[in-house]
Amino acid sequence: AANEKTLEGFEVDLVNMLRSSRQGLGDSQILGNAIDLAGAYKKNYKLEQSEAVLLRCTRHAEDRSGAWMVKYLNHMSQVRMKQSRDTEAMEMMYEMESLASFP
């Protein structure tokens with residue numbers, strides 16, 4: 001019950017941020033909060049909600065690239081693993097690896 005209340009608070013915060021923003025998910029703070037909310041959903045096995053939020057974030061994470069894309073792919077790959085969609089999760093992990101730069 002405590003987790004539900006916490007999630008509801010995050011949802012309300014995100015909705016209020018989206019309502020007051022002209023950029024929506026194009027705003028880095030809002031995008032970060034949305035991806036974090038998807039992570040919270042994932043941790044509470046609300047996989048459909050997590051997936052829905054992440055799918056809405058896809059274009060914005062891709063536009064920002066780098067660390068944004070890694071954070072997005074990390075959450076999405078974990079959702080896919082929990083959905084027993086292992087091949088898709090593995091593909092996302094390979095994509096994350098390709099985004100990492102090593103000197």
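Further up the page is the structure itself.
Here, residues in each chain are numbered from 1, in the same order as that chain's written sequence. In view of the model being predicted, local features appear only for residues whose pLDDT reaches at least 70, and side-chain atom pairs are presented and counted only at 80 or more, with totals across whole chains, interfaces and linings using the full set of residues. Note: side-chain values were computed over all heavy atoms of the structure, leaving out hydrogens and water.

## Section: the packing of helix 3 (residues 47–64) against helix 4 (residues 66–82)
Fitting a line to C-alpha atoms yields each axis, with helices limited to the stretch in contact; the angle taken between N-to-C directions then spans 0 to 180 degrees. Here a strand is any run of E in DSSP of at least two residues, a helix any run of H or I of at least four, and the numbering for each starts at the N terminus. Between helix 3 and helix 4, the shortest axis-to-axis distance is 9 Å and the interhelical angle comes to 155°. One way to sum up the angle between helix 3 and helix 4 is to call them roughly antiparallel. Seen along the crossing, helix 3 lies across helix 4 with a hand that is left-handed. Along its contact with helix 3, which presents L47, S50, E51, L54, L55, T58, A61, E62 and R64, the element helix 4 presents G66, W68, M69, Y72, H75, M76, V79, R80 and K82. Of the residues that constitute the contact of helix 3 with helix 4, the class distribution is 9 nonpolar, 4 polar and 5 charged. In these notes the angle categories are as follows: under 35 degrees is roughly parallel, over 145 is roughly antiparallel, 65 to 115 is roughly perpendicular, and the rest is oblique. Crossings are classed by handedness, with left-handed meaning an anticlockwise turn of the near helix from the far one by less than a right angle and right-handed meaning a clockwise turn. Whether two residues are in contact is decided by their heavy atoms, any of which lying within 4.5 Å being enough. Side-chain classes follow a simple rule in which Ala, Val, Leu, Ile, Met, Phe, Trp, Tyr, Cys and Pro form the nonpolar group, Asp, Glu, Lys and Arg form the charged group, and the remainder, Gly included, forms the polar group.

## Observations concerning the nonpolar core
Only buried residues count toward a nonpolar core. Its members are Ala, Val, Leu, Ile, Met, Phe, Trp, Tyr and Cys residues joined through side-chain atoms within 4.5 Å. Here the term buried applies to any residue with accessible area under 20% of the maximum for its type, exposed to any over 50%, and partly exposed to those in between, with areas from a 1.4 Å probe on protein chains only. By size, the foremost hydrophobic cluster in this structure holds 23 residues, and its most contacted members are A34, V53, L54, C57, Y72 and L73. Elements that contribute at least two residues to this core include exactly helix 1 (2–19), helix 2 (28–43), helix 3, helix 4 and helix 5 (86–99). Looking at which element gives the most residues to this core, the answer is helix 2, with 8 residues. Not counting residues up to four positions away in its chain, the partners in contact with L54 are A38, Y72, H75, M76 and V79.

## Digging into the packing of helix 2 against helix 4
Between helix 2 and helix 4, whose axes approach to 10 Å, the crossing angle comes to 20°. In terms of their interaxial angle, helix 2 and helix 4 are classed as roughly parallel. The interaxial crossing formed by helix 2 with helix 4 has left-handed handedness. Between helix 2 and helix 4, the contacting residues are S28, L31, G32, I35, D36, G39, K42 and K43 on the first element and W68, K71, Y72, H75, Q78, V79 and K82 on the second. Within the contact of helix 2 with helix 4, the residues separate by chemical class into 5 nonpolar, 5 polar and 5 charged.

## With respect to helix 5
The span you would expect from a helix comes to 1.5 Å times its residue count less one. Taking 1.5 Å of rise per residue, 14 residues should cover 20 Å, and helix 5 covers 20 Å from first to last C-alpha, within 8% of that figure. Buried residues in helix 5 make contact with helix 4.

## Focus: the environment of S21
Checked against the element boundaries, S21 lands in the loop between helix 1 and helix 2. When sequence neighbours within four positions are dropped, the list of residues in contact with S21 reads D27 and I30. At a separation of 3.1 Å, a polar atom in the side chain of S21 contacts the main-chain amide nitrogen of Q23. For the purposes of these results, a polar contact is taken to be a pair of N or O atoms within 3.5 Å, where, inside protein, one atom must be able to donate a hydrogen and its partner to accept one; residues adjacent in sequence count only when each atom of the pair is a side-chain atom. A polar side-chain atom of S21 sits 3.0 Å from the main-chain amide nitrogen of G24.

## Observations regarding the side chain of S77
Tracing the sequence through the fold places S77 in helix 4. Within the local environment of S77, its side chain forms a polar contact with the backbone oxygen of N74, the two atoms lying 2.9 Å apart.

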